[in-house]
Amino acid sequence: MGGTPTDLKLIDENGLRIDGRRPDEMRPLRIEAGALKRADGSAYVEWGLNKVMAAVYGPRECHPRHLQNPERALVQCNYNMASFSVDDRKKPGPDRRSHEISKIISEALTHVVFTEYFPRTSIDVYIEVLQANAGTRCAGLTAASVALADAGVPMRDLVASCAAGKVAGTIVLDLTKEEDNFGQADMPMGYVPTSGEIVLLQMDGDMTQEEFEKAIKMDIEACKKVHEVQRDALKRRYSQKGESPEYAAAPEAKEVA
Amino acid sequence: MDESDSKESAREIVVPGDLLAITGKRAGPGTYSEGGKIYAAQMGIKQVRPDSISVVPLSGQYIPIRGDLVIGKIIDIGASNWLVDINSPYPAPLHVNEVPWRVEFGETGKFMQVGDIVLLKIVSVDEVKRIGVSMQDHGLRKLTGGMVIKISPSKVPRIIGKNGSMIQMLKNLTGCRIYVGQNGRIWIDGDLDNIIRAVQAIKMVEDEAHSLGLTEKVKRFLEEGSRKEA
């Protein structure tokens, strides 16, 4: 957080942000379901300058065995940033931050998945950030829930996610890197639209209670929009397929035993 | 999905969390009810019946159900059992008492080796999903020759078709011997050209499982192929 550099104006005279958005405007979001062939389910998300890939495997046999739960499935999440995803090369491998994000995303997803249907198994979610511009945990969670649905995992609802925050004294939606770095607060949120539950909420920086409530309200509205894009991505996957028959192509060698 | 092709014109694709019905009906497979409302729990095709509402999934893992016919692969040998991979999250131990031969203790390897393909039946599934399989029923055996292909387990009902119509047609028009396991493995044996045609047809069914008029389409495809050969 910290102070704003004197020459950077995060919000101009007209109340617009550095990329020309209004305070309550989201960055353009595009989701593609089923982007990877080898995974059981997958999704690719482009959210502003963020590019995130999510892959789901399972439910499958849980390894190591001592993590198995005889009553329910385990949702294991792995969030990783590619070394080329940020301006300065990110040192590859897990770190404090990625551990934390993996943990909160898997907790958010555990909340919606019917884990009791698959005792002793694990559902593995891999989130790879290819390009980052603030808000990657939201993009990751959004992608992961689309990938879970694509994998056919039974769940209560898709988790939609978006961040809100405070920049130059104004409550804004979906912060970019500059706004996150030089703003006053960033608050990512995961939201379940059918039940209205909040399954992920963090805040970096500070806001007054009124500001917090305004941000939450703004965030919920944004999550509903994200949810629409998620549903559309999943439905599009199958409507397209039906229109373009490709059965004349040579058979692919699958598992030959 | 095993509904007849022409009956339902609108196949509505639903995603988890979609509201399916307000009240009155029973929540079938692929759905859940909360506060009297029924929601979709899986991505799939909405299916409305007079008394219930369900979602036929478009993807997903194979979860064993008692009575299922499956194609397994031996992955390990014990002194009195074989461990079989049935393409599900749960491994299936096949005990020597459940095979059609008399096997002495420690002589399991003489009957079946790692990598062998077997046709099995699921005889028990308990609450923690421990699986019991058997090879002691009519037609169950070790499969030799032919080849095994894998499809998504959720597409198996489509490959079989209504009352086995699709699979019967595949067998008739390709002249292959085909076994379809509920776990998404299909064993095909015949001459090579016919196997290739059968695989192509199965692939076609898998890719277009959710579209209408599929049986006719596959029939045309297979007949076209045989005409070219003639």
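Residues numbered from 1 in each chain as written. Chains lettered and ligands numbered in written order. Predicted model: local features only at pLDDT ≥ 70, side-chain atom pairs only at ≥ 80, totals over all residues.

Visitor: Honestly, the overall build of chain B in this entry has me stumped. Any pointers?
Guide: Check the secondary structure of chain B and you find four helices and 16 strands. Along the longest, intermediate and shortest principal axes, the C-alpha atoms of chain B span 60 × 55 × 25 Å. Across the 230 residues in chain B, those meeting the buried criterion constitute 40%. Looking at chain B alone, contacts between residues at least 24 apart form 58% of all its contacts between residues at least 6 apart. (Helix = DSSP H or I, 4+ residues; strand = E, 2+ residues; numbered from the N terminus. Buried ≥ 20, exposed ≤ 12 C-beta atoms within 10 Å, placed from the backbone. Contact = placed C-beta atoms within 7 Å.)

Visitor: Would you explain the interface of chain A and chain B in this entry?
Guide: Note: interface size is frequently given as the accessible area lost on complex formation between the parts. Each partner contributes residues to the interface: chain A has 36 residues there, and chain B has 35 residues. When residues of the side of chain A that touches chain B are traced back to their parent elements, those giving at least two are β3 (50–61), α2 (136–150) and α4 (209–243) of chain A. The element that contributes the greatest number of residues to the side of chain A that touches chain B is α4 of chain A, accounting for six residues. When grouped by side-chain class, the residues that make up the side of chain A that touches chain B number 18 nonpolar, six polar and twelve charged. (Nonpolar A, V, L, I, M, F, W, Y, C, P; charged D, E, K, R; others polar.)

Visitor: Could you clarify how one ought to interpret the confidence of the model for chain B in this entry?
Guide: Detailed reading of the predicted model is not advised wherever pLDDT is low. Residues and elements named next belong to chain B. Mean pLDDT over chain B works out to 90, with 93% of the residues at or above the 70 mark. Residue range residues 1–9 is modelled with pLDDT below 50. Its contacts to residues more than four positions away, or to other chains, number 15 contacts. Taken together, the chains of this predicted complex give a pTM of 0.89 and an interface ipTM of 0.86. (pLDDT = per-residue confidence, 0-100.)

Visitor: Sorry if this is basic, but what is going on with the pairing of strand β7 (residues 170–173) of chain A here?
Guide: Each regular strand displays side chains that alternate between the two surfaces of the sheet. Bridge count for strand β6 (residues 160–167) of chain A against β7 of chain A is four bridges, and the pairing is antiparallel. Its bridge partner lying in β7 of chain A, Gly165 of chain A is registered against Val172 of chain A. (Pairing = 2+ DSSP bridges.)

Visitor: Whenever I open this one, unusual backbone geometry confuses me. Can you help?
Guide: Outside of glycine, negative phi angles account for most residues, and trans bonds account for most peptide bonds. Residues and elements named next belong to chain A. That bond from Gly58 to Pro59 is cis: its omega, 5 degrees, falls within 30 degrees of zero. Along the chain, the position of Pro59 falls in strand β3. The omega angle of the peptide bond from His63 to Pro64 is 0 degrees, so this bond is cis rather than trans. Tracing the backbone shows Pro64 in the loop between β3 and β4 (74–81). A positive phi angle is found at Arg120, which is not glycine, with a value near 70 degrees. Note that Arg120 resides in the loop between α1 (96–112) and β5 (121–131).

Visitor: Any chance you could explain the environment of Arg11 of chain B here in plain terms?
Guide: Residue and element names in this part refer to chain B. Note on placement: Arg11 falls in the segment before β1 (13–14). Exposure remark for Arg11: the 17 C-beta atoms within 10 Å place this residue in the partly exposed category. Between the alpha carbons of Arg11 and Lys171 there is a distance of 28 Å; along the sequence they are 160 residues apart. Setting aside residues no more than four positions away along its own chain, Arg11 makes contact with Ile45 and His210.

Visitor: So what exactly am I meant to see when it comes to α1 of chain A here?
Guide: Given 3.6 residues to a turn, an α-helix orients residues that are three or four positions apart in the same direction. All names here are of chain A. Taking 1.5 Å per residue, 17 residues should reach 24 Å; α1 reaches 25 Å between its end C-alpha atoms and fits that length. Burial in α1 covers these residues: Ile101, Ser102, Ile104, Ile105, Ser106, Ala108, Leu109, His111 and Val112. In the core, the buried residues of α1 are packed alongside β4, β5, α2, β8 (185–192) and β9 (197–201). (Expected span 1.5 Å × (residues − 1).)

Visitor: Even after reading the chapter, I still don't get the environment of Arg21 of chain A, so can you show me in this structure?
Guide: All names here are of chain A. Tracing the backbone shows Arg21 in the segment before β1 (29–33). In this structure Arg21 comes out as partly exposed when scored by C-beta crowding, with 18 C-beta atoms within 10 Å. Considering only alpha carbons, one finds Arg21 and Ile11, ten residues apart in sequence, at a separation of 9.6 Å.

Visitor: Help me understand the domain arrangement of chain B in this model?
Guide: Segmentation of chain B into domains returns domain 1 (13–57), domain 2 (69–143) and domain 3 (147–229). Placing the centre of domain 1 of chain B and that of domain 3 of chain B at their C-alpha centroids yields a distance of 30 Å. (Domains from an automatic or database assignment.)

Visitor: Where do I start with helix α2 (residues 165–174) of chain B in this structure?
Guide: Along α2 of chain B, the residues classified as buried are Met166, Leu170 and Thr174 of chain B. Angularly, the buried residues of α2 of chain B cover 40 degrees about the axis, an arc narrow enough to put them on a single face. (Arc of directions from axis to C-beta.)

Visitor: Is there a simple way to explain the sheet that holds strand β6 (residues 44–48) of chain B in this structure?
Guide: Across a sheet, paired strands are connected by hydrogen bonds in the backbone, their directions being either parallel or antiparallel. Residue and element names in this part refer to chain B. Taken together, the four strands give an open sheet; going across it, the order is β1-β6-β7-β3, and neighbouring strands pair in mixed fashion. Because the sheet does not close on itself, it has two edges, and the strands there are β1 and β3 (26–27). In the sheet, β1 pairs with β6 via two bridges, with the strands oriented antiparallel. Within β6, the position partnered with Ile13 by the bridge is Ile45.

Visitor: What's the story with the sheet that holds strand β2 (residues 19–21) of chain B in this structure? I'm lost.
Guide: All names here are of chain B. Judged by pairing direction, the sheet is antiparallel, and its three strands sit side by side in the order β2-β5-β4 without closing on themselves. Two strands lie at the open edges of the sheet, namely β2 and β4 (31–34), each paired on one side alone. Between one strand and the next, the sheet's axes are offset by a mean angle of 40 degrees, whatever the strand orientation. Summarising the sheet, β4 and strand β5 (residues 37–40) pair through four bridges and their orientation is antiparallel. Across the sheet, Ser33 pairs through a bridge with Ile38, a residue of β5. (Axes fitted to C-alpha atoms, helices over the stretch in contact; angles between N-to-C directions.)

Visitor: Any chance you could explain the packing of α1 of chain A against α2 of chain A here in plain terms?
Guide: A packed helix pair is summarised by two numbers, namely the angle formed by the two axes and the spacing between the axes. Residue and element names in this part refer to chain A. Running from N to C, α1 and α2 point in directions that differ by 40 degrees, and their axes come no closer than 11 Å. Classified by the angle between their axes, α1 and α2 sit oblique to one another. α2 is crossed by α1, and the crossing has right-handed handedness. Here α1 contributes Ile101, Ile105, Ala108 and Leu109 to the contact with α2, which in turn contributes Arg137, Gly140, Leu141, Ala144, Ser145 and Leu148. Taken together, the residues of the contact of α1 with α2 sort by class into seven nonpolar, two polar and one charged. (Parallel < 35°, antiparallel > 145°, perpendicular 65-115°, else oblique. Left-handed = near helix turned anticlockwise from the far one by under 90°.)

Visitor: Could you clarify how one ought to interpret the pairing of strand β9 (residues 81–85) of chain B in this entry?
Guide: All names here are of chain B. Of the two faces of β9, the one lined by Trp82 and Val84 is fully buried and the one lined by Asn81, Leu83 and Asp85 carries no buried residue. In the sheet, strand β8 (residues 69–77) pairs with β9 via four bridges, with the strands oriented antiparallel. Among the inter-strand pairings, Ile77 is bridged to a residue of β9, identified as Trp82. Here β8 folds back onto β9, and the loop between the two strands holds three residues. Note: β9 against strand β10 (residues 92–95), four bridges, orientation antiparallel. Note on β10: the bridge partner recorded for Asn81 is His95. Taking the residues between adjacent antiparallel strands as the criterion, β9 and β10 are bridged by six residues, where Asn87 takes a positive phi near 60 degrees.

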